[in-house]
Amino acid sequence: MTSLAFLQVLGIEPKMLQGGDIVVRSPIDGAEFARVRADSPAEIDGKIAKARAAFLEWRRVPAPRRGELIRLFGEDLRKYKAALGELVTIENGKILEEGKGEVQEMIDICDFAVGLSRQLYGLTIASERPGHRMMETWHPLGVTGVITAFNFPVAVWAWNFALAIVCGNPVVWKPSEKTPLTALACQRIFEQTAHRFGAVPAHLSQVVLGKREAGMKIVDDSRVPLVSATGSSRMGHEVGPRVAARFGRALLELGGNNGMIVAPTADLDLAVRAITFSAVGTAGQRCTTLRRLIVHDTIYDRLLPRLKKVFDSVKVGNPLESGTLVGPLIDGAAFERMQSALARARVDGGAVSGGQRQLENVHPHAHYVRPAIVEMPQQTAIVREETFAPILYTMKYRELADAVRLHNDVPQGLASCIFTGDVREAETFVSTEGSDCGIVNVNIGPSGAEIGGAFGGEKETGGGRESGSDAWKAYMRRATNTINYSRELPLAQGISFDVGA
Ligand code: NAD
């Protein structure tokens, strides 16, 4: 399906794609299109050592100068947006519009990081002692390990990378074994940028290829003070305790089970569009995908037929073709998990519309599905799990307090929203008694965040925050400094300690 010549635009030579032990398949047709070589444990060890050496140099470069490197990287990403966006689509299966959108997100975070490079502020704090001044300084933390999931193969790395670099940290990136080529392409683009910039330490950015074991090498290495890991809550359960055991810092971005409450005063035209984009977009393979719809019982019978009509007609197909809104699932295992979730929902009394395999005759090795709506009598165990596929469970409510309780009664806490025209309901949902998620929206779906806000969630979503706002603080080490410019040595809390000297 894919000519390797296409990849040369991104600096990937055919010889890099042959003879390796990791098989890369495009979910568009399920066919193998490359094999890349996994790094050995010794090679990973060597890469971390080189990153540590790069840190000792890079931390001395002034932050605005570090920002200049990211400014140039953002320029290069603009040049390669179309090609890299297409590779995202080929390797991951999201529609081209979303593939290019992912690269735009990389560009946006670069712009953000450039400004940030002049704003890594600490506070000045009033000292209780005369002739003393207190302040905070922020220093580069060290090698940043980044482990990413298949579903956002480039944007999530860029969120981490742009911030880590301006904060003074080299990055060692272990991409998903399902999407190694986009990682190699990003590395090639960055190498061009580094060449243009000039004085960049060797090995400021490195890619480690491999599966779970390669990630674990990074997780267990005490030369990596920060591990930013994105993936399933299962992965976070393994990574979090291991990083903690060596007193490292983990930034965890894990699974979501995102909900929307649709209140009686909601604008249903807006709601239908938002539900469709956030439930079926990216074939239900976003951490922020809408998975649970909690609808007021007075409007349920008006909303559901409209949704079913849209879900039935939305174009499922080749993500490179214009007009397609739903591309394939990543692989056969994802398809099996979707079918088994639908079977469990049926056993629990759910009424399923959609969910069937599509285009099997055209692409027998790919896994396209019709997005499913499952009307549930209640929020059973399967609804409380994240199934990484386009399944929207719907439930009814009568009182807002019950809807909020239902909404929060899942192990995950990533993204949430309410559609309402009632300011009291909107404010209740965003208040302390409302949604318990990291992202809480009003009259907009749960997915498709902008880079300016801190991104992440609570509970089994892992508690990490990355991207905008003050997420940069995770990539730096804070020092509190007290400066005595007096000729006395008063002690804090007025303590007297007379040594008679
Ligand atoms: P996954 O957990 O299977 O793999 C994610 C990455 O972790 C891969 O690179 C994998 O090789 C690595 N990995 C797995 N086990 C590991 C271990 N024990 N130690 C070190 N590394 C390990 O996830 P996936 O299927 O690629 O992605 C889908 C999941 O990611 C979904 O649950 C989705 O919600 C989540 N996700 C979360 C966010 C977020 O920001 N919260 C963003 C994107 C995806």
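In case you missed it, the structure is sitting above this.
Residues numbered from 1 in each chain as written. Predicted model: local features only at pLDDT ≥ 70, side-chain atom pairs only at ≥ 80, totals over all residues.

On to the overall build of the protein chain, then. Helices and strands together make up the secondary structure of the protein chain, namely 13 helices and 23 strands. Relative to the globule expectation of 23 Å for 501 residues, the C-alpha radius of gyration of the protein chain, 25 Å, shows essentially globular dimensions. Taking the principal axes of its C-alpha atoms as reference, the protein chain extends roughly 85 × 60 × 35 Å. In the protein chain, buried positions account for 50% of the 501 residues. Restricting the contact set of the protein chain to residue pairs at least 6 apart, pairs at least 24 apart contribute 72%. (Helix = DSSP H or I, 4+ residues; strand = E, 2+ residues; numbered from the N terminus. Rg over C-alpha atoms; globule rule 2.2 N^0.38 Å. Buried ≥ 20, exposed ≤ 12 C-beta atoms within 10 Å, placed from the backbone. Contact = placed C-beta atoms within 7 Å.)

Mapped onto the fold, Tyr121 is located in the loop between helix 4 (96-116) and strand 3 (124-125). Since 10 C-beta atoms lie within 10 Å of it, Tyr121 is described here as exposed. Each C-alpha atom of the pair Tyr121 and Gly421 lies 39 Å from the other, and the pair is 300 residues apart in sequence.

Taking strand neighbours across the sheet as the criterion, the three strands line up as 3-4-23 in an open arrangement whose pairing is antiparallel. Since the sheet does not close on itself, it has two edges, and those belong to strand 3 and strand 23 (476-484), each with one partner. Across two bridges, strand 3 lies against strand 4 (residues 132-140) in antiparallel orientation. When the sheet's bridge partners are listed, Thr124 is paired in strand 4 with Met135. (Pairing = 2+ DSSP bridges.)

Another point: the nonpolar core. By size, the foremost hydrophobic cluster in this structure holds 137 residues, and its most contacted members are Ala113, Ala162, Leu163, Val227 and Val262. Apart from the residues within four sequence positions on either side, Ala113 is in contact with Gly67, Ile70, Ala162, Leu163 and Val166. Of all hydrophobic cores here, the second largest spans five residues; its members include Cys287, Leu414, Ala415 and Ile439. (Core = buried A, V, L, I, M, F, W, Y, C linked by C-beta atoms within 7 Å.)

With that settled, consider the site of the ligand. Near the ligand you find 30 residues, and of these Ala149, Gly215, Gly231, Glu253 and Cys287 are the closest. At the level of elements, helix 7 (212-219) and helix 8 (233-245) are the ones that each hand at least two residues to the shell around the ligand. A total of four residues in the shell around the ligand trace back to one element, the largest contributor, which is helix 7. (Near = placed C-beta within 6 Å.)

What follows covers the sheet that holds strand 9 (residues 249-253). Overall, parallel pairing links the five strands, which are arranged 7-6-5-8-9 in an open sheet. Edge positions in the sheet fall to strand 7 (205-207) and strand 9, since each of these pairs with one other strand and no more. For this sheet the average axis-to-axis angle between neighbouring strands, irrespective of direction, equals 15°. Examined bridge by bridge, strand 5 (residues 144-147) and strand 8 (residues 226-230) share four bridges and lie parallel to one another. Its bridge partner lying in strand 8, Ile147 is registered against Ala229. Sitting on the sheet, helix 6 (residues 180-197) touches strand 6 (171-174) and strand 7, and the angle it makes with strand 7 is about 155°. (Axes fitted to C-alpha atoms, helices over the stretch in contact; angles between N-to-C directions.)

This part takes up helix 10 (residues 300-313). The terminal C-alpha atoms of helix 10, which comprises 14 residues, lie 20 Å apart, in line with the 20 Å expected from a rise of 1.5 Å per residue. Turning to helix 10, its buried residues number three or more, namely Leu303, Leu307 and Phe311. Taken around the axis of helix 10, the buried residues stretch over an arc of 60°, which confines them to a single face. Opposite the buried face of helix 10, at more than 90 degrees from it, the exposed residues are Asp301, Arg302, Pro305, Lys309, Asp312 and Ser313. (Expected span 1.5 Å × (residues − 1). Arc of directions from axis to C-beta.)

Another aspect to go through is unusual backbone geometry. Located in the positive-phi region is Asn443, a residue other than glycine, with phi close to 60°. Along the polypeptide, Asn443 turns up in the loop between strand 19 (439-442) and strand 20 (454-455). Classification of Asn443 as partly exposed rests on a count of 15 C-beta atoms within 10 Å.

Two numbers describe how helix 3 (residues 63-92) lies on helix 4: the axes approach to 8 Å, and their chain directions differ by 175°. Taken together, helix 3 and helix 4 sit at an angle that is classed as roughly antiparallel. When grouped by side-chain class, the residues that make up the contact of helix 3 with helix 4 number 13 nonpolar, six polar and seven charged. (Parallel < 35°, antiparallel > 145°, perpendicular 65-115°, else oblique. Nonpolar A, V, L, I, M, F, W, Y, C, P; charged D, E, K, R; others polar.)

All right, on to the pairing of strand 15 (residues 372-375) then. Summarising the sheet, strand 12 (residues 351-353) and strand 15 pair through three bridges and their orientation is antiparallel. Residue pairing across strands places Val352 opposite Val374, the latter belonging to strand 15. Sheet topology places strand 15 next to strand 16 (residues 391-397); four bridges connect them, and they run parallel. Across the sheet, residue Val374 finds its bridge partner in strand 16, namely Tyr393.

Looking now at the packing of helix 3 against helix 6. Running from amino to carboxyl end, helix 3 crosses helix 6 at an angle of 160°, the nearest separation of the two axes being 9 Å. When the interaxial angle is binned, helix 3 and helix 6 end up roughly antiparallel. For the element pair helix 3 and helix 6, the recorded crossing hand is right-handed. Judged by residue contacts, Leu69, Leu72, Phe73, Asp76, Leu77, Tyr80, Leu84, Leu87, Val88 and Glu91 of helix 3 engage Leu181, Thr182, Ala185, Ile189, Phe190, Gln192, Thr193, Arg196 and Phe197 from helix 6. In terms of residue class, the contact of helix 3 with helix 6 is built from 13 nonpolar, three polar and three charged. (Left-handed = near helix turned anticlockwise from the far one by under 90°.)

So, about the pairing of strand 18 (residues 415-419). Within a regular strand, the side chains alternate between the two sheet faces. Burial within strand 18 is extensive, with five of its five residues counted as buried. Neither face of strand 18 is exposed, since Ala415, Cys417 and Phe419 on one face and Ser416 and Ile418 on the opposite face are all buried. Of the pairings in the sheet, the one linking strand 10 (residues 258-262) to strand 18 comprises four bridges and is parallel in character. Within strand 18, the residue paired with Val262 across the bridge is Phe419. Across four bridges, the pairing between strand 18 and strand 19 is parallel. Looking across to strand 19, one finds that Ile418 is bridged to Val442. Between strand 18 and its parallel partner strand 19, the chain crosses via helix 13 (residues 423-430), and the hand of that crossover is right-handed. (Right-handed = clockwise from strand over helix to strand, strands pointing away.)

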